[in-house]
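The chain contents come next:
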Amino acid sequence: MMQRLERISFRAAALSIITFCVAVYGMNVTHSFVWDDAYNVVENQEIRDLSNVPSFFTEAWGASADSDHSRALNSNYWRPVALTSYAIDYALFGTNAWGYHLINILLHSICSVFVLLLGWRLFPLPGRERSGVLAASMIFAVHPLHTEVVNVITYRTDMLAAIFTLVALNMWIKASEASEPRRKRTLFLWVPLIYFLGVGSKEMAFTLPVLIFLYEALIRRTPIKSLVVILAPLGGVAFGYLLIRSALLSPSPMVYFGINWPTHLPVGGDGVVLTMLSVVTLYAKLLVLPWPLNPFYEWSPEVLPVQFDPLEPSVITGVMILGAWCVIATKLFKTDRRLLFLWLLMPVILVPVSHVVPIIIAAGERFLYLALLGPVMVGMIVAFRRFGTHPGTISVISIVLLIFGSMSVIRSHEWRNDEAILEAYVSQWPGSYNAWKGLRDYRVKEAQEAIKMGHRNEVERLALEVKEMTATMHSIELSAWRREAQNFRLLEQVKVADCIDQQLEREESPRRCLGPLPANMPSTD
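Presented here is an overview of the structure given in this document. (Residues numbered from 1 in each chain as written. Predicted model: local features only at pLDDT ≥ 70, side-chain atom pairs only at ≥ 80, totals over all residues. Heavy atoms only, no water.)

### Looking at the overall build of the protein chain
When helices and strands are tallied, the protein chain shows 24 helices and zero strands. Taking 2.2 N^0.38 as the reference for a compact globule, 525 residues should give roughly 24 Å; the C-alpha atoms of the protein chain span a radius of gyration of 24 Å, in line with that estimate. Its C-alpha atoms give the protein chain principal-axis dimensions of roughly 75 × 55 × 55 Å. Sorting the 525 residues of the protein chain into buried and exposed places 54% on the buried side. For the protein chain, the share of sequence-separated contacts (at least 6 apart) that also reach a separation of at least 24 residues comes to 76%. (Helix = DSSP H or I, 4+ residues; strand = E, 2+ residues; numbered from the N terminus. Rg over C-alpha atoms; globule rule 2.2 N^0.38 Å. Buried < 20%, exposed > 50% of the residue type's maximum accessible area, 1.4 Å probe, protein only. Contact = heavy atoms within 4.5 Å.)

### Observations regarding the packing of aromatic side chains
Inspection of the entire model under this criterion finds 19 aromatic pairs. Seen from their ring centres, Tyr 215 and Phe 341 are 6.0 Å apart, and the 70° between their planes marks the pair as edge-to-face. Here the residue Tyr 215 occupies a position in helix H12 (residues 208-220), and Phe 341 occupies one in helix H17 (residues 337-349), the gap between them amounting to 126 residues. What makes Tyr 215 buried here is its relative accessible area of 6%. Through a chain of ring-to-ring contacts, three or more aromatic side chains come together here, namely Phe 57, Trp 78, Phe 196, Phe 206 and Tyr 241. Between the NZ or CZ atom of Arg 79 and the centre of the ring of Trp 61, over which it lies, the distance is 5.4 Å. The ring centre of Tyr 155 lies 4.1 Å from the NZ or CZ of Arg 366, which sits over that ring. (Phe/Tyr/Trp six-rings, centres within 6.5 Å; stacked < 30°, edge-to-face > 60°. Lys NZ or Arg CZ within 6 Å of the ring centre and 35° of its normal.)

### Thoughts on unusual backbone geometry
Pro 262 follows Trp 261 through a cis peptide bond whose omega is 5°. Within the secondary structure, Pro 262 sits in the loop between helix H14 (232-248) and helix H15 (269-288). The amide bond that connects Trp 291 to the next residue, Pro 292, takes the cis arrangement and shows omega of -5°. Relative to the helices and strands, Pro 292 is located in the loop between H15 and helix H16 (313-335). Its identity as a non-glycine residue notwithstanding, Arg 221 has a phi of 55°, on the positive side. Relative to the helices and strands, Arg 221 is located in the loop between H12 and helix H13 (224-230). The phi torsion at Glu 507 lies on the positive side, around 60°, for a residue other than glycine.

### Some words on the packing of helix H2 (residues 10-25) against helix H7 (residues 97-122)
One can describe the packing of H2 onto H7 by two numbers: an axis separation of 9 Å at closest approach and a directional angle of 145°. Once H2 is placed against H7, the crossing between them reads as right-handed. In contact with Phe 10, Ala 13, Ala 14, Ile 17, Ile 18, Cys 21 and Tyr 25 of H2, H7 contributes Ile 105, His 108, Ser 109, Ser 112, Val 113, Leu 116, Leu 117 and Trp 120. (Axes fitted to C-alpha atoms, helices over the stretch in contact; angles between N-to-C directions. Left-handed = near helix turned anticlockwise from the far one by under 90°.)

### Let's talk about the side chain of Arg 156
For Arg 156, the position within the fold is in helix H10 (residues 156-175). The class of Arg 156 is buried, set by a relative accessible area of 1%. Leave out the neighbours within four places in its chain, and Arg 156 touches Ser 85, Tyr 86, Asp 89, Tyr 100, Ile 103, Asn 104, Leu 107 and Val 149.

### A word on the environment of Leu 118
With respect to the helices and strands, the residue Leu 118 is situated in helix H7. The class for Leu 118 is buried, based on a relative accessible area of 0%. Through-space distance from the C-alpha of Leu 118 to that of Ser 137 is 9.8 Å; in sequence the pair is 19 residues apart. Beyond its immediate sequence surroundings of up to four residues, Leu 118 is in contact with Leu 166, Leu 169, Asn 170, Ile 173 and Leu 373.

### Regarding the pattern of salt bridges
Taken as a whole and assessed by the stated rule, the structure comprises 23 salt bridges. With a closest N to O distance of 2.4 Å, Asp 336 and Arg 385 form a salt bridge. Of this pair, Asp 336 sits in the loop between H16 and H17 while Arg 385 sits in helix H19 (residues 373-387), placing them 49 residues apart in sequence. Note on Asp 336: relative accessible area 8%, which makes it buried. We classify Arg 385 as partly exposed; its relative accessible area is 30%. (Salt bridge = Lys/Arg side-chain N within 4 Å of Asp/Glu carboxyl O.)

Here it is as structure tokens:
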């Protein structure tokens, strides 16, 4: 049996992965639209007519949203391919959520199979490495981090970007074995076209040329001069994409480090770097222990506050993780460049969401959708090289798959509708201001409906819940202000810190302390 595992065919391996995807996510077809689906899909009038598809390529993502807030939030994103997919869904299913969820399950299955194919191409011979590739692909299929992307139709953007990236990589690798005419067509036509579809789905696909450069330089040892020529078409697409962005998009006023809560002051470069180091720690934890999960890692002290202290444990841990990552990369450079290529996938893929260009959030589980492929596949291949298809190895992998699959089923159930995910949000993250605000706003809407229906007892019950939630939010905000007082002291703004403390003692708003701040305030760079 163990030898059969090492010699398993691609078709059998792919079928097993698809089975895993359906087993974990099949129930999603009974779920509702959730989270941002309200304005991106359900209320989006533009997707209701396929004749609007050309306009998707000439405007910002969310340009047709009804509210100014939603339009401003997405004013610096260009994702026409994703919008086109929603329009096709609407033509097929109308506003029946099951159809959209079915397509998402199909897309996740396709993406997982292309993960398998990438490993198959990098390690073409049957054996232990192939077993590692299969195990990694199965873990990819059921990893709980993917529940956000698979359950929220809006986040299909990440799946599409991942699929087009994997298709392009697989085509490029396959082309290295093809005849010269076919190779040229692939390198100069098909891969650039797929790259365009990828960046038209989401910004995460932008670094594809870097991934192909790494493949050519590390594995094929292609000379730099030749690389310049074969990568030129991809460079042209990247340049054209940046031109489109500059022509059609405008900077969003809502960026994570521009509206630091609760002060609403912009954050300087030091705060950005230190916070992103804490994000490194968060991502490393989520890869191995993906629970509890969070729909929005925001500024609350117990979630993802902006960091100003270089001695903060999460910051120090982030530095250590990056150091270890570099040490391992150096070792792999000397021992196996195929594994080095996979090892570098994660940092390269994450560049577009590392605040090189400011965005609304500092961290997101959906950002790891394709990125986790790298460390997971390296880990599995190394494990199977070391231990082979020993029953103990298979048992450990089976337990991991069972645990991750069960966690994904539980998390998907929490994503079944807005109320369920908001209740899970406050339960798992009681220190999150945004979690309580989301559930409070949901209860306010319920109360408004109850008033219309004349359900007095229900209105009174909901009013009490809203009052309690508002008190909890106030408590979290006070905690955030206390943390900000500490930050101002770190930044040597003692008077501001003392003012905040005094206002908190008087139970008055500390916001007045942020009047005319000193011109040399480091956090306003």
